[in-house]
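Working through the structure, step by step
Each chain, written out:
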Amino acid sequence: MAVVRAAVMFSFISIGAQWFRKSNMYNTLALSAFVILLYNPYALFDVGFQLSYSAMLSILFFYPKIEILYHPKHKVLTYLWQLLVVGFSAQLITLPFLAYYFHQYSLGFILSNIIVMPFAFLILTLGWTGLLIFELLPLLAQNIGFILQGILGLMYEILNLISHLSYLQIDKIYLSKLDFTVWVCMLIFVISSIYYKSIKHCFISIGLFTLLQLNIGIRHVANQNITSYTLFDAKKPLIAFQTGASIYQYAHAKLKEKQINSITQNVYIARGVQQIN
């Protein structure tokens, strides 16, 4: 489904850009989303769908406004600047989705984008070349496939290495449904204030940001005073006693650490747990 979604989205954008140069890219993006939802309405609740379209919307809106802020004189610097701006732009709207669904955020996108873009160009070029010559020169197309497989493997290893750089990870982020809703509404008013140059919408977005911070702060203070027992729904006994930001957990000997973490992670993050004993 992820491949189909990406193909539909970029096909509509490419066709819109090439055939209808005066078309509104936001309408084109919305049309591609409509086609996907027409085929599968439940895709709206798919995390991949939400991240894909929020990232593309973020790039379409923020990229041109940020990219013009700096004009490097050297072509290499211009290329690197554009890569950085694309990555940064994509994060602006996807950030609340990443925090809400995955409870973590990686600053590795700065390195990832610089690496992925050249790889993406090679992958697309070789992929299309292989498809076009497959019927005429199957042996050459097969060799291109092997090269493509190697490039994909190398890219995966590099990205995997970046993802494991702990100092680039911000984890244990918790957003309630209210926090998430307020954050998304704040972004809508931020975009609206920029697009319509509305001071009123700017103040509303500031007010929503203040509300978000207050809600997170109040929950953090409340969590410091929690004293509770939790019996988790596991196949083997798993009990946790929380006092403030510390948790004492008692688990069956056959329960492995990964199993325990998968069961307890969301609850502990929501309660602001900093130490597990």
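In case you missed it, the structure is sitting above this.
Now for a look at the structure at hand.

Focus: the overall build of the chain
Of regular secondary structure, the chain possesses 9 helices and 6 strands. In the chain, which comprises 277 residues, the proportion classed as buried is 32%. In the chain, the proportion of contacts linking residues at least 24 apart, taken out of those at least 6 apart, comes to 59%.

Brief notes about the nonpolar core
As a rule of thumb, nonpolar side chains are buried together in soluble globular proteins. Of all hydrophobic cores here, the largest spans 21 residues; its most connected members are Phe-62, Ile-93, Phe-97, Ala-99, Tyr-105, Trp-183 and Ile-191. At the level of secondary structure, the elements contributing two or more residues to this core comprise helix H3 (47-67), helix H4 (75-102), helix H7 (177-195) and helix H8 (199-223). Here Ala-99 is in contact with Gln-104, Ile-173, Leu-175 and Trp-183, once residues within four sequence places are set aside. In this structure, Leu-29, Ala-33, Ile-36 and Tyr-53 belong to the second largest nonpolar core, which totals 7 residues.

Brief notes about the side chain of Asp-179
Residue placement: Asp-179 occurs in helix H7. Under the relative-accessibility criterion, Asp-179 is labelled buried at 0%. If we skip the residues at most four places from it in the chain, Asp-179 touches Tyr-174, Leu-212, Asn-215, Ile-216 and Arg-219.

Examining the packing of H4 against helix H5 (residues 109-133)
The N-to-C vectors of H4 and H5 enclose an angle of 120°; their axes lie 9 Å apart at closest approach. The angle between H4 and H5 places the two elements in the oblique class. For the crossing formed where H4 meets H5, the hand is right-handed. Along the contact surface, H4 presents Tyr-79, Leu-80, Leu-83, Leu-84, Val-86, Gly-87, Phe-88 and Gln-91, while H5 presents Phe-109, Ile-110, Asn-113, Ile-114, Met-117 and Pro-118. For the contact of H4 with H5, the per-class residue count stands at 11 nonpolar, 3 polar and no charged.

Description of H4
The axis of H4 is deflected most strongly, by about 60°, at Thr-94, and proline Pro-96 appears within four residues downstream. Remark: His-103 follows H4 within two positions and exhibits a positive phi of approximately 60°.

Quick look at H8
Between its terminal C-alpha atoms H8 stretches 36 Å, which fits the 36 Å expected from 25 residues at 1.5 Å a residue. Of all the positions in H8, only Ser-205, Leu-208, Leu-212, Arg-219 and Asn-223 are classed as buried. N-capping of H8 is provided by Ser-198, with a side-chain oxygen placed 3.5 Å from the backbone N of Lys-200.

Remarks on the packing of H4 against H7
At their nearest, the axes of H4 and H7 sit 10 Å apart, and the two run at 180° to each other. What the angle tells us is that H4 and H7 run roughly antiparallel. Residue-level contacts link Leu-92, Ile-93, Leu-95, Pro-96, Phe-97, Ala-99 and Tyr-100 of H4 to Lys-177, Phe-180, Trp-183, Leu-187 and Ile-191 of H7. Taken together, the residues of the contact of H4 with H7 break down into 11 nonpolar, no polar and 1 charged.

Some thoughts on the pattern of salt bridges
Counted under the stated rule, the structure contains 1 salt bridge. One salt bridge in this structure joins Arg-219 and Asp-179, with 2.8 Å as the shortest N-O distance. Linking Arg-219 in helix H8 with Asp-179 in helix H7, this pair joins segments that are 40 residues apart in sequence. For the pair formed by Arg-219 and Asp-179, the shared burial category is buried.

Rules behind the numbers
- Residues numbered from 1 in each chain as written.
- Predicted model: local features only at pLDDT ≥ 70, side-chain atom pairs only at ≥ 80, totals over all residues.
- Heavy atoms only, no water.
- Helix = DSSP H or I, 4+ residues; strand = E, 2+ residues; numbered from the N terminus.
- Buried < 20%, exposed > 50% of the residue type's maximum accessible area, 1.4 Å probe, protein only.
- Contact = heavy atoms within 4.5 Å.
- Core = buried A, V, L, I, M, F, W, Y, C linked by side-chain atoms within 4.5 Å.
- Axes fitted to C-alpha atoms, helices over the stretch in contact; angles between N-to-C directions.
- Parallel < 35°, antiparallel > 145°, perpendicular 65-115°, else oblique.
- Left-handed = near helix turned anticlockwise from the far one by under 90°.
- Nonpolar A, V, L, I, M, F, W, Y, C, P; charged D, E, K, R; others polar.
- Bend = angle between axes of the 7 residues up to and from the residue.
- Expected span 1.5 Å × (residues − 1).
- Polar contact = N/O pair within 3.5 Å; in protein donor to acceptor, adjacent residues only side chain to side chain.
- Salt bridge = Lys/Arg side-chain N within 4 Å of Asp/Glu carboxyl O.

Distances and angles like these do not, on their own, reveal function.
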